[in-house]
Amino acid sequence: MSTISSLLRSNIRNLKPYSSARDEFQGKATINLDANENPFNVAYARYPDPLQRNLRQRIAKMKSLSPEQIFTGNGSDEAIDLVIRAFCEPGSENLIALTPSYGMYKVAADINNVECRQVELATDGATFSLNSQAVLDVVDKKTKVIFLCSPNNPTGNLLDKAEIYRILDNFKGVVVVDEAYLDFSLAASLSSDLGRYPRLIVLQTLSKAWGAAGMRLGMAFANREIIGVLNQIKYPYNINQLTQTYAIQRLFSDVVMKDHVKEIIAERTALAADIQKQACVKHVYPSDANFLLVKVTDAETIYKGLVAKKIVVRNRHSLPLCENCLRITIGTPAENKALLDALKHLSK
Ligand SMILES: Cc1ncc(COP(=O)(O)O)c(C=O)c1O
């Protein structure tokens, strides 16, 4: 049995997956009477490709991977859920996530009745840093997956790669590195390490830098055995035809994406400097993402004051290590100016 196979939940290892009409016949036919579709010529009458071959081919080219190393999901949230479903036995096995971090790791674990062990980021020395030893210390025989998020949401910082490698080198289960915000940083993707680490899964998404959150397209990059499992346990037609077609088009316009990223980064630098000067702001944390984590004098008061001016940000006060912190997405120059004016007003 391969290492990946031995890590799978036993019911997943033994699963006989659903085989759709589009799985069983992939050639070009003149008459398709195999999928109980409406035969008349209306838009989107036909089921989409269940394995998103053209789209995965396009992503593969962009990412210098093979299509077999790519899973596409209804947002990266789908991949998060499927990884837990594939590897963690409900009621007995566990996963590890950092805190504060993206909330869906724990929610998806809870939905799957899998224990989520949360390890606080270290705040001594470097801000919100990953301490690999602290993570490895809570691993036990029942730990199947570790979720890391770099740059991390909501703290905005990249995790130290040496610490991530230390976890990859010492943990025998699956390590997921969520790179949703990577395009806003100068760091390289860990996807170039997939050959070296067969139990590594890298997540990316079109929801952030690509400006396509409404399209719902997330990607998981991993070795072909893991991708094969994710494709077996997903819903057959998880990516609709509109998304498959439009995503391919959108992925050809990376010039627009790069321009947006450049502008967002410039705005991030300017906004961080400007809001740091406001009396209601205690600290602006450095960010490698498209948002700023900002410690204010009183998060609830400032949050409500901004809402009164029709500006909504995310109050992260209730998260560990985030006392009186707001998470503020970088907007357009006009939106950022409105935010700054509002903070000036609330500082009086
Ligand atoms: C770290 C992180 N991962 C994943 C997601 C979800 O991305 P998607 O829109 O692809 O489901 C988010 C959304 O905010 C996020 O912050």
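Analysis parameters
Residues numbered from 1 in each chain as written. Predicted model: local features only at pLDDT ≥ 70, side-chain atom pairs only at ≥ 80, totals over all residues. Pairing = 2+ DSSP bridges. Helix = DSSP H or I, 4+ residues; strand = E, 2+ residues; numbered from the N terminus. Buried ≥ 20, exposed ≤ 12 C-beta atoms within 10 Å, placed from the backbone. Domains from an automatic or database assignment. Contact = placed C-beta atoms within 7 Å. Nonpolar A, V, L, I, M, F, W, Y, C, P; charged D, E, K, R; others polar. Axes fitted to C-alpha atoms, helices over the stretch in contact; angles between N-to-C directions. Near = placed C-beta within 6 Å. Parallel < 35°, antiparallel > 145°, perpendicular 65-115°, else oblique. Left-handed = near helix turned anticlockwise from the far one by under 90°.

## Some remarks on the sheet that holds strand β11 (residues 325–329)
The four strands lie next to each other as β8-β9-β11-β10, forming an open sheet whose pairing is antiparallel. Since the sheet does not close on itself, it has two edges, and those belong to β8 (281–284) and β10 (314–315), each with one partner. One ladder, built from two bridges, connects β10 with β11; its direction is antiparallel. Across the sheet, residue asparagine 315 finds its bridge partner in β11, namely leucine 326.

## Quick notes on the pairing of strand β6 (residues 200–205)
Burial analysis of β6 places six of its six residues in the buried class, the great majority of the element. Judged from the four bridges that link them, strand β5 (residues 174–178) and β6 form a sheet pairing that is parallel. Bridging across to β6, valine 177 finds its partner in valine 202. Where β6 and strand β7 (residues 218–221) come together, four bridges link them in antiparallel fashion. Among the inter-strand pairings, valine 202 is bridged to a residue of β7, identified as phenylalanine 221.

## Topic: the domain arrangement of the protein
Reports of interface size often rely on the accessible area that becomes lost once the parts have come together. By domain assignment, the protein separates into domain 1 (3–252) and domain 2 (255–347). For domain 1 versus domain 2, the distance between C-alpha centres works out to 29 Å. At the junction of the two partners, domain 1 supplies 21 residues and domain 2 supplies 20 residues. Residue composition of the side of domain 1 that touches domain 2, by class: nine nonpolar, nine polar and three charged.

## Looking at the sheet that holds strand β1 (residues 70–73)
Taken in spatial order, the seven strands make up an open sheet running β1-β7-β6-β5-β4-β2-β3, and their pairing is mixed. In this open sheet, the two strands that pair with only one neighbour each are β1 and β3 (115–120). The average angle at which neighbouring strand axes cross in this sheet is 20°, direction not considered. Helix α4 (residues 53–63) contacts β1 and β7 of the sheet and is inclined by roughly 125° relative to β1. In the packing of helix α9 (residues 224–233) onto the sheet, contacts are made with β1, β6 and β7, and the angle to β1 comes to roughly 30°.

## Topic: the site of the ligand
All residues adjacent to the ligand are Gly75, Ser76, Asp77, Tyr102, Cys149, Asn153, Asp178, Ala180, Thr205, Ser207, Ala213 and Gly218. Of the residues belonging to the shell around the ligand, the class tally is four nonpolar, six polar and two charged.

## Side note on the packing of α4 against helix α10 (residues 241–251)
In the contact formed by α4 and α10, the axes pass within 9 Å of each other and the chain directions differ by 20°. Taken together, the axis directions place α4 and α10 in an arrangement best described as roughly parallel. The chirality of how α4 crosses α10 is left-handed. Taken together, the residues of α10 that come into contact with α4 (itself represented by Asn54, Leu55, Arg58, Ile59 and Met62) are Gln244, Ala247, Ile248 and Leu251. Of the residues in the contact of α4 with α10, the class split is six nonpolar, two polar and one charged.

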